[in-house]
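# Observations on the three-dimensional arrangement
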Amino acid sequence: MELRFALCYVLVYGITKSSTQTTEEMTESTTGWNANTHSYNSSIEGPASLIAPSLIKQHFIPEYLKKLLVDEHNIARSIVKPTATNMKKISWDNELENVAQRYSTNCLFSHNPSARHSRFSVGENIYITTSPAVNEKFMTEAVTLWDAEKIDYTYATQYCIPNRMCGHYTQVVWADSFRVGCGVSRCSNVNVRGKIWALATVLICNYGPAGNYRNTFPFKEGRSCSDCHQTDTCVNNLCTNQARDSLKPPSKYKFEL
């Protein structure tokens, strides 16, 4: 049986902030978006604390899968309900990728307390599965799972149904997060909520600037692109800017975009 699970987090200079749950609630909860529908039949018997995580292989994400991850994020961002006035197009970030890839080799289903970027704060989503394939289906399923949490989230009240997770979704569609970078590793075992998953694949996606600030809407409601920066153009309901979307934006855009 293939098992899947997800975890979300944001680290802002050592302070955890969430619009839906505290860090403690996220790490102690046993009922994520899909947790109720999966058993742990492939788990290793014995105390989880005595079984150390172990790396089998790093999967360096090829360019076509990086593009797919970016595209899947932008599709989710372009179809938000209500429509967003300020939703930025998201693009790949090599520095975030490096942070995510290094951390994925730890084979941990817990968040990176040391995630840092040279330009902005870092948010993080984690996806784990027992499927060994790192392909289009794997990447699409991860983002689809995160985006599917919107069914439990009410925009008007910033309310997430109790004992459900919405933070992956709100990070995916956080308007001011315009960079993403991800890393993947295959592990012999991973401790997931006290259960050991044998032969698990861990996907880490880091976001910048981080989202999920408490008491803050993930985006502004209104006509699509009506509140984009004056240098932006509107493409597929997303605020698009060539300078911002390039790998190395000009320094003058560092703080204004």
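The structure presented is a predicted model; accordingly, all values stated were derived computationally and were not measured.

On to the overall build of the protein chain, then. A count of helices and strands for the protein chain gives 6 helices and 11 strands. The 257 residues of the protein chain split such that 53% are buried. The contacts in the protein chain between residues at least 6 apart in sequence include a share of 79% that link residues at least 24 apart. In the structure as shown, the protein chain presents an accessible area of about 11600 Å², 53% of it carried by carbon and sulfur atoms.

With that settled, the discussion passes to the packing of aromatic side chains. Under the definition given, this model contains 6 aromatic pairs. By way of ring pairs, the aromatic residues Tyr155, Phe217 and Phe219 are connected into one cluster.

Turning our attention to the pattern of salt bridges. Within the structure shown, the criterion is met by 10 salt bridges. One salt bridge in this structure joins Lys150 and Asp147, with 3.1 Å as the shortest N-O distance. Within the structure, one salt-bridge network assembled from shared partners comprises Glu63, Lys66 and Glu97.

Attention now moves to the state of the cysteines. A complete count under the given rule lists 5 disulfides for this structure. Disulfide pairing is shown between Cys107 and Cys187; the S-S distance is 2.1 Å. Of note, the bridge from Cys107 to Cys187 carries an S-S torsion of about -90 degrees and is left-handed in sense. Here Cys107, found in the loop between α3 (94-104) and β5 (122-129), pairs with Cys187, found in strand β8 (residues 179-192); they are 80 residues apart in sequence, far enough to count as distant. Using a relative accessible area of 0% as the deciding quantity, one classes Cys187 as buried.

Below, the discussion takes up α3. Leu96, Glu97, Val99, Ala100, Gln101, Tyr103 and Ser104 are the residues of α3 that are buried. Contacts from the buried residues of α3 go to β3 (54-59), α2 (63-78), β4 (91-92), β5, β8 and β9 (195-208). Its side-chain oxygen at 3.1 Å from the backbone nitrogen of Glu95, Asp93 defines the N-terminal cap of α3.

What follows deals with the environment of Val143. Take Val143: it is sitting in helix α4 (residues 136-147). Taking the C-alpha atoms as reference, Val143 lies 8.4 Å from Ala76; in sequence the two are 67 residues apart. Setting aside chain neighbours within four positions, we find Val143 in contact with Leu69, Glu72 and His73.

About the cut-offs
Residues numbered from 1 in each chain as written. Predicted model: local features only at pLDDT ≥ 70, side-chain atom pairs only at ≥ 80, totals over all residues. Heavy atoms only, no water. Helix = DSSP H or I, 4+ residues; strand = E, 2+ residues; numbered from the N terminus. Buried < 20%, exposed > 50% of the residue type's maximum accessible area, 1.4 Å probe, protein only. Contact = heavy atoms within 4.5 Å. Areas by Shrake-Rupley, 256 points an atom, 1.4 Å probe, with all protein chains shown as cover. Phe/Tyr/Trp six-rings, centres within 6.5 Å; stacked < 30°, edge-to-face > 60°. Salt bridge = Lys/Arg side-chain N within 4 Å of Asp/Glu carboxyl O. Disulfide = S-S within 2.5 Å. Polar contact = N/O pair within 3.5 Å; in protein donor to acceptor, adjacent residues only side chain to side chain.

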